[in-house]
Each structure stands twice: as C-alpha cells, then as structure tokens.
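# Topology and contacts: notes
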Amino acid sequence: MLEFEDIESKKIHRFFIVDAHHHLGADVDGHNNRNPVAPGGTFDFYVKVGGRLSKLFSNKPHIFRFSPLGFMNEIVRNNKKWKDALNGTWAVDQTVVFPFNDEFKWREGDEGKAIYWRSNDNIARWVTRAPYSLRLIGFGRTVPAEGKLAINELRRMVETLGLRGLKVHPRSDGWSGEIVSQDVKNILVEAAKYNIPVLFDTRGFGQVLDIHEITRMARSELLSTDKTLVDNLKVILAHIGFHLGHHELFTVLSHPNIYGDTSGVHDAGIPRLFEEAKELLQPNLGRYRNWSEKILFGTDYNYFDVPHAVQFISYVLSNDFPGTPEDAQRILGSNLLKLVPPFKRKIKTNFAKVHVSTELAESTERTLAKEVAGLAGDNSYELSSIDFFIDPHPSFQVRPRDFKLTLSQRENEHYEDINLIVISVLDILTIARLDNSMMNTSPIKSRILRYDDAISRRSFYEKLWPESLETNPQKMSDFIKSITKTGN
Ligand SMILES: [Zn+2]
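Rules used throughout
Residues numbered from 1 in each chain as written. Predicted model: local features only at pLDDT ≥ 70, side-chain atom pairs only at ≥ 80, totals over all residues. Heavy atoms only, no water. Helix = DSSP H or I, 4+ residues; strand = E, 2+ residues; numbered from the N terminus. Rg over C-alpha atoms; globule rule 2.2 N^0.38 Å. Buried < 20%, exposed > 50% of the residue type's maximum accessible area, 1.4 Å probe, protein only. Contact = heavy atoms within 4.5 Å. Lys, Arg positive; Asp, Glu negative; His and termini not counted. Charge placed at Lys NZ, Arg CZ, Asp CG, Glu CD. Arc of directions from axis to C-beta. Polar contact = N/O pair within 3.5 Å; in protein donor to acceptor, adjacent residues only side chain to side chain. Pairing = 2+ DSSP bridges. Right-handed = clockwise from strand over helix to strand, strands pointing away. Axes fitted to C-alpha atoms, helices over the stretch in contact; angles between N-to-C directions. Donors = N, O, S within 2.8 Å, 3.2 Å for Na, K, Ca; no water. Core = buried A, V, L, I, M, F, W, Y, C linked by side-chain atoms within 4.5 Å. Domains from an automatic or database assignment. Salt bridge = Lys/Arg side-chain N within 4 Å of Asp/Glu carboxyl O.

## A few points about the overall build of the protein chain
For the protein chain, the helix and strand inventory stands at 16 helices and 18 strands. Relative to its length of 488 residues, the protein chain is compact, with a C-alpha radius of gyration of 22 Å against a globular reference of 23 Å. Taken along the three principal axes of its C-alpha coordinates, the protein chain extends 65 × 60 × 50 Å. Within the protein chain, the fraction of its 488 residues that count as buried is 58%. Taking all contacts inside the protein chain whose residues are at least 6 apart in sequence as the whole, residues at least 24 apart take part in 74%. Where the 62 positive side-chain charges of the protein chain centre and where its 63 negative ones centre are 2 Å apart.

Below is the structure:
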C-alpha cells in the first residue's frame, strides 16, 4: 500500500495497488518466472518498483512510504520468515498471476486432461501457500477449442484449485481466427456461472472486435437463460494501450461486461490512453458510470519490466493524470478486486459468530492474527488467502478493517477450508466463520458491504446481526480457537 502523508496537514492518502496481469511459470519462448521469491522474480520486481517510486516521490511536499495493509501487517508480524520474504515488496499489494505458454503445461501420458492442467496446478500451489497467499491471486488458463475438456478444467480450476479467473491467449494457443465460436461462448457462459473474469490477450484490433462480438453473444445467451448471471460475465481485454488510435476501442470498453488492462503501455502512450479514455469513453457510459471503472493496471511482468510499471504508477499519481484520487485508486487496484470474487472452494464448515465492542477490537484482531499465523506456520494448516472488502460505488476504497481469510486444515490428502470474515459495523467488530450459503451471498461474492435492504443482502446482515457482545478476552480467544477447527 502506498502512502502519501502531507507534511503540513498530516493528512494521509493511501492507495492499494493490484497488478492485474503477471505471469508465473516458464514459457516455451524463453521468458520465465518460475519462483516468485527468487532474484528476478515477482517480489524482487516489486522491491525495484518500490525503490524507484520512493526516489521519484522523495522530493515532494509529502512523506512517501509503502507498507502492508491492515491485517496483512498483523499476520506477517507474527512470522519472521514471512516478514523477511516480503520485506520491501509492499509497493504493490496483490497480484493476479497466471500461466505462461508453459513448457511443462502438458506431457505425453496426460491424454484426457486439459492442455494447461499442470500449469493451473502450479499456479494453485503458489497462491494458496503463506506468505505468497497474502499477495497472489491465481488465474488458470485453458484452450476453449478443447470443448468439454476446457469446461471441465475451468470447473476443476475453481472448485478444487481455488483459482479465481481465467486467462486465454488466442494467438499463443493458435486460435486467433476462432474467437467468435461456440466453444469460446461456452467458456464465457461457464465463467459467468462461477462469477470469475476472463482475461483475453489481444493482438491486432480485429481480435478486440471479435472479443466484443463473442461477449455480446454470451451476454444475450445469459439474458435468455439466467438473467441473474448477466453481471457475472466479466471480460478483460489485455493490453488496451496497444490499440490507441482505434477510437472504436472505447465503444468496446463501454460494453457493460468489458474492461481493459493497461499492461504494455508506456511513455507517451500513458497520457494518451487516459486523455482518450476520458474524452471518448465517458460519453458512451452516461452519467452513472465512470470511465475509470473500466481500466485496470497491469504490468505483464516479465514481458515488461520495472520502467513501465514505474512510469505508469507515477503518472496515475501525478498532477498530470486527468482524474481524481478515486479514479486513480480504481485503476490501480479496486477495479480488479471488484471483478475477482474472494477465494472459495468447497465448504463443509458451519456458521459461527462472535461480536466485540470497539475497545476490544484491536486486541481481538491481534489474537486472531497470532492464531492464524501460528496455525499456518504448522504443517497441518495453510493460510490460503486474504481478501479485503471494498467500499461501494463510487469510491471503491479498500477497507483495511474488513476482510475475509481462508485457513485450510489438512485432512488426509486434501485440505478443508475454513472461511472467516472480520468486519466492523456500527462500532462492533464481528468475526464469523461462514458456511456455504453465506459464501454465496452478494456482499461476499462482490466483496462490497452495502448496508441496505435489498433481499440479496438482507439475509447476510440478518445472520451477522449482533445479539450480544463478548467482553471477556479469554472467552474471545477460546472462540477464535474453536472456529479455526473444521469440526464443530
Ligand atoms: Zn501477458
């Protein structure tokens, strides 16, 4: 999280940064990022990005720093190895990682399995293991032309591996001419059922138009089969900066289900992208949507490197950027969080909750962090994910005190997930272990806590409503211990 503290007023501006486009694995073209903690890997990259940003922002009328947000800070404080591994990397908070065209994606003998199944397993291994799980959001990859195999892999990816988005690459996987096809439409519809975004690589503007077309077809299918899924259709065009000069890009981006990532844009392309977006995209969106809701920051590491990321972030946070700090926060992180549902695999645990007053809130969070870090440092548990909630429209700020975490307990050969939420409502801190039905409510799925009376949200708040406050710290601690076990 980036922080700018005004020296005179002491006012602090915070930005939660999410990299929406980042590769992990080893490509047949020679690019690789096999180990995100190794020199030249993901975290080393962020150390360098942070260092450069510090230099750039050092002689301004504010203090610049970066650090882990809220509960992430509490967690790493409890484990020296994790703290050291992530030291200096916090200029970027979270990162979407997905496979390259991996050299290990498939082997002889894998007949009957989807092409990228080994790559998807590899991503899942990294993103569900502390301390990387604090930082990495896993997307899988498939080749839609594999038909039923690709659909089954998408299901496995989400239900078993806990991946939260899909990357597809028409050119690299040899289906550039088949974007407008039944198979691609089926993949988009299936992804909507799981509420996960689909990120397309784009080369040549013809592909952008094809993706627009197939998205429209998938949308109209959802409209006629299950209207409730229409908003779950989320398509991200990678590299929108490659298509500047094609004004139709902004017509495509105004489609309600289409977004664009900025990876690859650099130098004069950066101001041009934002000036055009503001001028050409906003009129298509009308009064109630904002051009900045459509654009996501991505680095495409390691096809692009430190200078691109630094140029981009520093421009968006500069006075030249033609938007507000809210626009900047959306582009640099919240838009992505809004598109990606929190970590969820199969759930068997039942619901349990406890409430404490504000005075006990801090010590309760510390107790929870200590318990979670202690368990995850042990062999029989894993900390699989931490997901923050975001403020509702229009600010989309990340809420440091409201989050969900998934702790996974090993049972024989597999893990059983324990999903805990911590939220502060009306001066009361609530900790709850979620059951399957709670995980399917709209505040969890959209990660937006919106206190109103809509039916889809009411059951969530009714279930979490405090009946009494726990005032005894020992009982609180016992409760936390009890909900971190999969049994009742
Ligand atoms: Zn890429």
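Moving on, there is more to tell.
## Observations concerning the environment of Asp 267
Here Asp 267 shows up in the loop between β12 (258-261) and α9 (269-285). The class of Asp 267 is partly exposed, set by a relative accessible area of 45%. Between the alpha carbons of Asp 267 and Tyr 315 there is a distance of 9.8 Å; along the sequence they are 48 residues apart.

## So, helix α16 (residues 473-483)
Among the residues of α16, those classed as buried are Met 476, Ser 477, Phe 479, Ile 480 and Ile 483. Taken down its axis, α16 places every buried residue within 155° of arc, on the same side. Those residues of α16 that are buried lie in contact with β14 (352-357), α12 (358-376), β17 (414-425) and β18 (428-433). Where α16 begins, the side chain of Asn 472 points an oxygen toward the backbone nitrogen of Gln 474, at a separation of 2.8 Å.

## With respect to the pairing of β12
Where burial is concerned, the two faces of β12 agree: the one with Ile 258 and Gly 260 and the one with Tyr 259 and Asp 261 are both buried. Two strands pair when backbone bridges link them, and strand β11 (residues 235-237) and β12 are joined in this way by 3 bridges, in the parallel orientation. The residue of β12 that forms the bridge with Val 235 is Ile 258. In this sheet, strand β13 (residues 295-296) lies alongside β12 in parallel orientation, the contact comprising 2 bridges. Considered in β13, the bridge of Asp 261 is made with Leu 296. You can see the chain leave β12, run along α9 and come back into β13, and the turn it takes is right-handed.

## Describing the sheet that holds strand β1 (residues 2-6)
Ordered by their spatial adjacency, 3 strands build an open sheet running β2-β1-β5, and the pairing between neighbours is antiparallel. Two strands in the sheet have a free side with no partner beyond their single neighbour: β2 (12-15) and β5 (62-66). Direction aside, neighbouring strands of the sheet carry axes that sit 15° apart on average. Relative to β5, β1 is paired through 5 bridges, and the arrangement is antiparallel. Looking across to β5, one finds that Phe 4 is bridged to Phe 64.

## Description of the coordination of the zinc ion
Coordination sphere of the zinc ion, protein contribution only: His 21 (NE2), His 23 (NE2) and Asp 300 (OD), at 2.1 to 2.2 Å. In the primary structure, the donors to the zinc ion are separated according to the pattern H-x1-H-x276-D. In this pair, the class of His 21 matches that of His 23, namely buried.

## A short note on the nonpolar core
Nonpolar side chains in soluble globular proteins tend to end up buried together. Counting 143 residues, the largest nonpolar core has Leu 2 and Phe 274 as the members making the most contacts within it. With 8 residues, the single largest contributor to this core is α12. Both domains that meet at this core, namely domain 1 (2-339) and domain 2 (352-483), each give it at least three residues. The next biggest cluster of nonpolar side chains, apart from the first, holds 13 residues, and it includes Ile 421, Ile 423, Ile 444 and Leu 464.

## Examining unusual backbone geometry
Note on backbone geometry: most residues besides glycine have negative phi, and most peptide bonds are trans. Of note, the amide linkage connecting Ala 130 to Pro 131 takes the cis form, showing an omega dihedral of 5°. The omega torsion across Tyr 301 and Asn 302 is 5°, close enough to zero to call that bond cis. Its place among the elements puts Asn 302 in the loop between β13 and α10 (306-316). For His 239, which is not glycine, the phi dihedral falls at a positive 60°. Positionally, His 239 belongs in the loop between β11 and α8 (249-253). In this structure, Asp 300 is a non-glycine residue whose phi angle is positive, near 55°. Among the structural elements, Asp 300 can be located in the loop between β13 and α10.

## Considering the pattern of salt bridges
Pairs may arise between side chains of opposite charge once their charged atoms sit close together. Applying the stated criterion across every chain yields a total of 29 salt bridges. Arg 401 is the salt-bridge partner of Glu 365, the closest N and O atoms lying 2.9 Å from each other. Residue Glu 365 is located in helix α12, and its partner Arg 401 is located in strand β16 (residues 398-411); the two are separated by 36 residues in the primary sequence. With a relative accessible area of 9%, Glu 365 lands in the buried category. Connected via shared salt-bridge partners are Glu 3, Glu 5, Arg 14 and Arg 65.

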